[in-house]
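Each chain is listed here by its residues.
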Amino acid sequence: GGPKATLPTSGGSAFTLGPNWGAMEFVSGANISAATNLDITGFVAGYDYIIEIAGSLPATDGVMLEARFSQSTTFDTGSSYSDEGSATATSISLIRVNAGNASTEGLDGVYIIPEPNVGSRTKRIVNASTTYALENGTTRAADYSGAGSFIANTNAIDGVRFFWSSGDWTANGKCYVFRRRLS
């Protein structure tokens, strides 16, 4: 019973867990305000980041959630991204169904950014749950994995920007940020 200090070997290498390996930490939570972008910045080394968007509502009807990354506090708006819909794009589409803007619609989702500060690896954002987008009074689970990559370079990223494919966020819902210790 109980956790083991050393995991089974794989290919002859033993994996030893540190005292805080995998520990989930709450970073922050805030109400979503009426704005064009929802920016999360200040990623530090040694963590994966998990972002939950709950009860959000776009100002414009029938939009998709998009993401971009920042390096050295500057968000890249060039053709630096790749997702299922495009080999090169100016952002990552996180859902392939539209979110509505009526009071009974909107979007809820959880997204992971693995190892944002590890050099020499492609940076990604991955939908960690089924994202629910509501439009025209109908709840629709996104049938798309909602993953994408930053393909401009493999340098560290220090933030993520969420925005709608058209229009702004309304002052509805919350954004929670967690981080998971890597060692």
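Right, let's walk through the structure included here. Predicted, not measured: the structure shown is a model, and the values here were computed from it. (Residues numbered from 1 in each chain as written. Predicted model: local features only at pLDDT ≥ 70, side-chain atom pairs only at ≥ 80, totals over all residues. Heavy atoms only, no water.)

### A look at unusual backbone geometry
Of note, Ser72 is a non-glycine position whose phi angle comes to about 55°, a positive value. Mapped onto the secondary structure, Ser72 falls in the loop between β6 (65-71) and β7 (74-75). Accessibility expressed as a relative area gives 63% for Ser72, which makes it exposed. (Helix = DSSP H or I, 4+ residues; strand = E, 2+ residues; numbered from the N terminus. Buried < 20%, exposed > 50% of the residue type's maximum accessible area, 1.4 Å probe, protein only.)

### Overview of the pairing of strand β12 (residues 123-127)
With burial as the criterion, only one face of β12 is covered, namely that bearing Lys123, Ile125 and Asn127; the residues Arg124 and Val126 on the opposite face remain uncovered. In this structure, strand β11 (residues 106-113) lies alongside β12, joined through two bridges in antiparallel fashion. The residue of β12 that forms the bridge with Tyr111 is Asn127. (Pairing = 2+ DSSP bridges.)

### Describing the nonpolar core
Residues Ile53, Leu65, Ile125, Val160 and Phe162 are the most contacted members of the largest nonpolar core, which totals 29 residues. Here this core gets four residues from one element, more than from any other, and that element is strand β5 (residues 47-56). Sequence-distant contacts of Leu65, defined by excluding residues within four places in its chain, comprise Ile53, Ile92, Ser93, Leu94, Ile95, Leu107, Tyr111, Phe162, Phe163, Trp164 and Trp169. (Core = buried A, V, L, I, M, F, W, Y, C linked by side-chain atoms within 4.5 Å. Contact = heavy atoms within 4.5 Å.)

### Focus: the side chain of Arg68
Following the sequence through the fold, Arg68 ends up in strand β6. In this structure Arg68 is buried but unpaired, with Asp76 as the nearest side chain of opposite charge at 6.7 Å. Here the side chain of Arg68 touches Thr90 through a polar contact of 2.7 Å, landing on its backbone oxygen. (Lys, Arg positive; Asp, Glu negative; His and termini not counted. Salt bridge = Lys/Arg side-chain N within 4 Å of Asp/Glu carboxyl O. Polar contact = N/O pair within 3.5 Å; in protein donor to acceptor, adjacent residues only side chain to side chain.)

On their own, these measurements won't tell you what the molecule is for.
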